[in-house]
Amino acid sequence: MPAVRDAFTRGRSHFGGPAHPGVGPASGFQNGAAWVAWVLVPAIELGNAELEPEHVVFRLDLNLDPQSNHHAHADFWLAELDDGRRAQGLRYSINVIGGQSVWLYKPGEPGRALGTVGECDADLVGDLLRGAAEEFGEQIGSIEERQFTGAQHERH
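Residues numbered from 1 in each chain as written. Predicted model: local features only at pLDDT ≥ 70, side-chain atom pairs only at ≥ 80, totals over all residues. Heavy atoms only, no water.

## Observations regarding the overall build of the protein chain
The test is simple: Strands are runs of DSSP state E lasting at least 2 residues, helices are runs of H or I lasting at least 4, and numbering of each runs from the N terminus. Type-normalised accessible area, obtained with a 1.4 Å probe on protein chains alone, sets the label of each residue: buried when under 20%, exposed when over 50%, and partly exposed for intermediate values. When checking whether two residues touch, look at their non-hydrogen atoms; a contact exists if any pair is within 4.5 Å. Residue burial considers only the protein chains on display, and all accessible areas are found by Shrake-Rupley using a 1.4 Å probe.
If you tally the helices and strands in the protein chain, you get three helices and five strands. Each helix (α) and strand (β) of the protein chain, taken in turn from the N terminus, gives the series α-α-β-β-β-β-β-α. Looking at the protein chain residue by residue over its 156 residues, the buried ones come to 37%. When contacts within the protein chain are restricted to residue pairs at least 6 apart in sequence, long-range pairs at least 24 apart make up 43% of them. When the accessible surface of the protein chain is totalled, it reaches about 9,400 Å², and 56% of it is carbon and sulfur.

Right, dumping it as structure tokens:
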């Protein structure tokens with residue numbers, strides 16, 4: 001079904017979506033907010049559906065209010081859903097500057113331009129989310145290894 005949804009959102013974007021920016025600063029913000037709503041959010045929803053069996057979820061914090069920010073902004077991170085232990089991954093920030101330029105900010109690294117809203121499609125965002133998921137898997141694996149090793153030492 002994701003292919004059908006992708007086709008729908010591509011079709012919808014032909015009529016005033018992120019691929020066709022408006023004029024003026026207000027529409028720049030709206031273009032960025034539309035990209036977040038039509039590209040980033042569906043990719044995260046798809047990622048969450050895929051991660052459900054692992055009891056892991058992408059969390060999303062959106063700031064799409066032009067009164068509180070001068071550009072569309074979204075933070076996302078991964079988190080465990082298991083009882084007792086709820087590790088969280090790094091927080092990634094996406095900023096859509098001027099309604100056109102998509103930037104990624106990650107702790108410990110300089111900001112990185114991902115491209116324009118027209119270039120940053122579902123495939124590029126999917127790659128970004130897969131990288132974040134792999135990184136979080138390594139983090140969880142490291143925690144589990146330390147816990148296992150610690151339990152082994154306690155028995156001896």
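On we go from here.
## Some words on the packing of aromatic side chains
Note on aromatic pairs: each is described by the distance of the centres and the angle between the planes. The line we're drawing: Note on aromatic pairs: the rings of Phe, Tyr and Trp (six-membered ring only in Trp) are paired at centre separations within 6.5 Å, and the planes decide the class, stacked below 30 degrees, edge-to-face beyond 60, tilted for the rest.
Inspection of every chain in the model, using the stated rule, returns three aromatic pairs. Judged by centre distance (6.1 Å) and plane angle (65°), the ring pair of Phe58 and Phe76 falls under edge-to-face. Here Phe76 lies in strand β2 (residues 72–80) and Phe58 lies in strand β1 (residues 56–63), a separation of 18 residues in the sequence. Here Phe58 matches Phe76 in class, with each residue buried. With 5.0 Å between their ring centres and 5° between their planes, Phe76 and Tyr92 make a pair best called stacked.

## Thoughts on the nonpolar core
Put simply, the rule reads: Think of a nonpolar core as a cluster: buried Ala, Val, Leu, Ile, Met, Phe, Trp, Tyr and Cys residues, connected wherever their side-chain atoms sit within 4.5 Å.
Formed by 32 residues in total, the largest nonpolar core has its most connected members in Trp35, Val36, Leu40, Phe58, Phe76, Ile94 and Val102. For this core, the secondary structure elements donating two or more residues are α2 (25–51), β1, β2, β3 (92–97), β4 (101–105) and α3 (122–155).

## Digging into the pattern of salt bridges
Basically, it comes down to this: We define a salt bridge as a contact between a side-chain nitrogen of Lys or Arg and a carboxyl oxygen of Asp or Glu at a distance within 4 Å.
Applying the stated rule across the entire model yields five salt bridges. Asp75 is the partner of Arg91 in a salt bridge, and the nearest nitrogen-oxygen pair spans 3.1 Å. Placement of Arg91 in the loop between β2 and β3 and of Asp75 in strand β2 is noted, with a sequence separation of 16 residues between them. Its relative accessible area of 35% is what places Arg91 among the partly exposed residues. Via salt bridges that share partners, Asp61, Asp75 and Arg91 belong to a single interconnected network.

## Concerning the pairing of β4
Quick reminder of the rule: The pairing criterion is simple: DSSP has to find at least two bridges between the two strands.
Alternating positions in β4 separate cleanly, Val102 and Leu104 being buried on one face and Ser101, Trp103 and Tyr105 remaining unburied on the opposite face. Looking at chain direction, β3 and β4 are connected through five bridges and run antiparallel. What sits directly across from Ile94, in β4, is Leu104. Hairpin connection between β3 and β4: a loop of three residues separates the two successive antiparallel strands, and Gly98 in this loop has a positive phi of roughly 65°. Both β4 and strand β5 (residues 112–116) contribute to a ladder of four bridges, which runs antiparallel. Bridge pairing in β5 places Trp103 opposite Ala113. Counting the residues between successive antiparallel strands, the hairpin from β4 to β5 contains six residues, one of them, Gly108, with a positive phi of roughly 80°.

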